[in-house]
Amino acid sequence: MSKAIERLHVSPRMSQIVIVNGFVYLAGQVPDVVNASVSEQTYDILNRIDALLADAGVDKTYLVSATIWLTDPKHFAAFNAVWEAWIPEGQPPTRACVQSQLMKPGCDVEIAVIALADSRS
Amino acid sequence: MSKAIERLHVSPRMSQIVIVNGFVYLAGQVPDVVNASVSEQTYDILNRIDALLADAGVDKTYLVSATIWLTDPKHFAAFNAVWEAWIPEGQPPTRACVQSQLMKPGCDVEIAVIALADSRS
Amino acid sequence: MSKAIERLHVSPRMSQIVIVNGFVYLAGQVPDVVNASVSEQTYDILNRIDALLADAGVDKTYLVSATIWLTDPKHFAAFNAVWEAWIPEGQPPTRACVQSQLMKPGCDVEIAVIALADSRS
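> Pulling in residues and values, what's your account of the overall build of chain A?
Within chain A, the regular secondary structure consists of two helices and six strands. Mapped from its N terminus to its C terminus, chain A presents α and β elements in the order β-β-β-α-β-α-β-β. Taking 14 Å as the expected radius of gyration for a compact globule of 121 residues, we find that chain A reaches 14 Å, a close match to that expectation. Taken over the C-alpha atoms alone, chain A extends approximately 45 × 35 × 20 Å along its principal axes. Restricting the contact set of chain A to residue pairs at least 6 apart, pairs at least 24 apart contribute 74%.

And the structure:
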């Protein structure tokens, strides 16, 4: 059953990576560093996404779509500065960025992305 | 036009199921039971998702991705207990879980999932 | 690298359109008109979505899935009235509609959609 689905970094709660039908889905990523600045939290998350994309055999030039949650609209500018520096030139995903409280205490940023899978995989 | 899209349980507002390009998309599911415990609400939603996946010809082992909204982070533990008992061993989807108020009064949990479609369909 | 991804309306922050693997992803759309009624904001967003889908070579009959954020559940009825008038008969996407504050001041509605790409593209 469902042999066409590859799951990586699997816990009882979620897979961090699911590869299926030519797409890579990542779980919503939150920072390891908490009670840090929004810039530091964003760097940390984007590093995690880089590492997970590498585990899936791709990189940030394969990004298709991102959903971003910030705990407060006041974090928008600090978030965007780090985000835009990270985006490969001319190759940003679509994105939606909205406000939500997050489940992990002390975190202000969460990002979930979808990427294109490597065509050889 | 768009003949490649199969829509099931269609109302003027939304389709509960859309099957396209090898994926099954389900609408965000809220519980029928309101003003119930978070555990009861979560059971109810997961039963609805099981039924909708069956209507789409698949089951929870085909899950790719889940987006979960809770009205309050305090519901996280109760939600996760029911969620983890429901997830088939070793086959969880990716997920993102954030806080939002919900549109249906008295509801504390909403879940939207994407699954792999059956390859024969 | 990632040549299979077509990106349209690209800024340093995001692509408004990404076409990949037979799907069209649109960025979360907010209204140009701010401090307007929820009905006016919704019309404006749906017009933007119509225009972006046309740029991607499809139309609203190709919609697969929609995620909708409202700043307050009290906007739900006004939003739905405009939404349901816009949906092509019998061809609605799946949807999830939840509450979030939005990043653009004076906006009460944001919508992100996924559509089927035209099979000839």
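> So what's going on with the relation of the copies chain C and chain A? Which residues, and what values?
The transformation that overlays chain C on chain A combines an axial shift of 0.0 Å with a rotation of 120°, and the residual RMSD is 0.0 Å. Classification of the inter-copy transformation places it as that of a three-fold axis. No C-alpha of chain C approaches the rotation axis more nearly than that of Ser100(C), which lies at 3.5 Å. The share of interface residues of chain C whose copies in chain A are also at the interface is only 4%, consistent with the copies meeting through different surfaces.

> Tell me about the packing of helix α1 (residues 38–55) of chain C against helix α2 (residues 76–86) of chain C, and name the residues and values.
Residue and element names in this part refer to chain C. Interhelical geometry of α1 versus α2 gives an angle of 35° and a closest axis separation of 8 Å. As α1 runs across α2, the sense of the crossing is right-handed. Where α1 approaches α2, its residues Val38, Ser39, Thr42, Tyr43 and Leu46 are matched on the opposing element by Ala78, Phe79, Val82, Trp83 and Trp86. Per-class residue counts for the contact of α1 with α2 are eight nonpolar, two polar and no charged.

> Help me get a handle on unusual backbone geometry, residues and values and all.
Even without being a glycine, Asn21(A) presents a positive backbone phi close to 50°. Within the secondary structure, Asn21(A) is located in the loop between β2 (15–20) and β3 (23–26). Backbone geometry places His9(C), a non-glycine residue, at a positive phi of 55°. Mapped onto the secondary structure, His9(C) falls in strand β1 (residues 6–10). Here His9(C) falls in the partly exposed class, since 15 other C-beta atoms lie within 10 Å of it.

> I'd like to hear about the pairing of strand β6 (residues 109–116) of chain C, residue by residue, with values.
Residues and elements named next belong to chain C. Within β6, eight of the eight residues are buried, which leaves it mostly tucked inside the rest of the structure. Going residue by residue along β6, you find Val109, Ile111, Val113 and Ala115 tucked away on one face and Glu110, Ala112, Ile114 and Leu116 tucked away on the opposite face as well. As judged from the three bridges shared by strand β3 (residues 23–26) and β6, these two strands associate in the antiparallel manner. Bridge pairing in β6 links Val24 to Ala115.

> Break down the interface of chain C and chain A for me, with residues and values.
It is common to report an interface's size as the accessible area lost on association of the parts. Facing the 25 residues of chain C at the interface are 25 residues of chain A. Within the residue set of the side of chain C that touches chain A, elements represented by two or more residues are β1, β2 (15–20), β3 and β6 of chain C.

> Before we move on, can you summarise the relation of the copies chain B and chain C with the specific residues and values?
Least-squares fitting of chain B to chain C yields an RMSD of 0.0 Å, with the superposition described by an axial translation of 0.0 Å and a rotation of 120°. Mapped onto chain C, only 4% of the interface residues of chain B again fall at the interface, so the copies present different surfaces.

> Account for the interface of chain B and chain C, with residues named and values stated.
Counting residues at the interface gives 26 residues for chain B, matched by 25 residues for chain C. Counting residues per element, the ones that place at least two in the side of chain B that touches chain C are β1 (6–10), β2 (15–20), β3 (23–26), β4 (63–70) and β6 (109–116) of chain B. Take the side of chain B that touches chain C: its biggest share by element is four residues, from β2(B). Partitioning the side of chain B that touches chain C into residue classes produces 15 nonpolar, eight polar and three charged.

> Pulling in residues and values, what's your account of helix α1 (residues 38–55) of chain A?
Residues and elements named next belong to chain A. Taking 1.5 Å of rise per residue, the 18 residues of α1 would be expected to cover 26 Å, and the 26 Å separating its terminal C-alpha atoms lies within 8% of that figure. Of all the positions in α1, only Val38, Gln41, Thr42, Asp44, Ile45, Leu46, Ile49, Leu52 and Leu53 are classed as buried. Buried residues along α1 sit in contact with β2, β3, α2 (76–86) and β6 (109–116). Count one or two residues on from α1 and you reach Gly57, which has phi positive near 90°.

> Provide a residue-level description of the sheet that holds β3(A), including the pertinent values.
Residue and element names in this part refer to chain A. Reading across the sheet, the six strands line up as β1-β2-β3-β6-β4-β5 and stay open at both edges, with mixed pairing between neighbours. Only two strands of the sheet have a single neighbouring strand rather than two, namely β1 (6–10) and β5 (94–99). Put simply, the sheet's adjacent strands are angled 10° from each other on average, direction ignored. Pairing geometry for strand β4 (residues 63–70) and β6, over seven bridges, is antiparallel. Along β6, the bridge assignment pairs Leu70 with Val109. Against the sheet, α1 contacts β1, β2, β3 and β6, and its axis sits at roughly 25° relative to β6.

> So, the sheet that holds β6(C): which residues are in play, and what are the values?
Residue and element names in this part refer to chain C. Pairing within the open sheet is mixed, and its six strands lie in the order β1-β2-β3-β6-β4-β5. Both edges of this open sheet fall to β1 and β5 (94–99), since each of them pairs with a single strand only. Looking at each pair of strands side by side, their axes are set apart by 10° on average, direction ignored. As paired strands, β2 and β3 are joined by four bridges and run antiparallel to one another. Among the inter-strand pairings, Val18 is bridged to a residue of β3, identified as Tyr25. Running at roughly 25° to β6, α1 makes contact with β1, β2, β3 and β6 of the sheet.

Rules of the game
- What you see as residue numbers is a count from 1 along each chain, following the sequence as written.
- Ligands are numbered from 1 and chains lettered from A, in the order in which they are written.
- In keeping with the predicted nature of the model, local features appear solely for residues at pLDDT of at least 70, side-chain atom pairs appear and are counted solely at 80 or more, and the whole-chain, interface and lining totals rest on all residues.
- Strands are runs of DSSP state E lasting at least 2 residues, helices are runs of H or I lasting at least 4, and numbering of each runs from the N terminus.
- Note that the radius of gyration is over C-alpha atoms, with the globule rule given as 2.2 Å times the number of residues to the power 0.38.
- Note on contacts: each residue gets a C-beta atom placed from the backbone, and two residues are in contact if those atoms are within 7 Å.
- Superposition of the copies used a least-squares fit over C-alpha atoms from residues whose pLDDT is at least 70 in both.
- Fitting a line to C-alpha atoms yields each axis, with helices limited to the stretch in contact; the angle taken between N-to-C directions then spans 0 to 180 degrees.
- Working rule for handedness: look at the near helix, and if it is turned counterclockwise from the far one by less than a right angle, call the crossing left-handed; if clockwise, right-handed.
- Under the scheme applied here, ten amino acids are nonpolar (Ala, Val, Leu, Ile, Met, Phe, Trp, Tyr, Cys and Pro), four are charged (Asp, Glu, Lys and Arg), and all others, including Gly, are polar.
- In this scheme the burial state of a residue depends on its C-beta neighbours within 10 Å: 20 or more other such atoms mean buried, 12 or fewer mean exposed, and anything in between means partly exposed; the C-beta positions come from the backbone.
- Think of it this way: DSSP has to see at least two bridges between two strands before they count as a pair.
- Take the residue count of a helix, subtract one, and multiply by 1.5 Å to get its expected span.

All we've got here are geometric facts, nothing functional implied.
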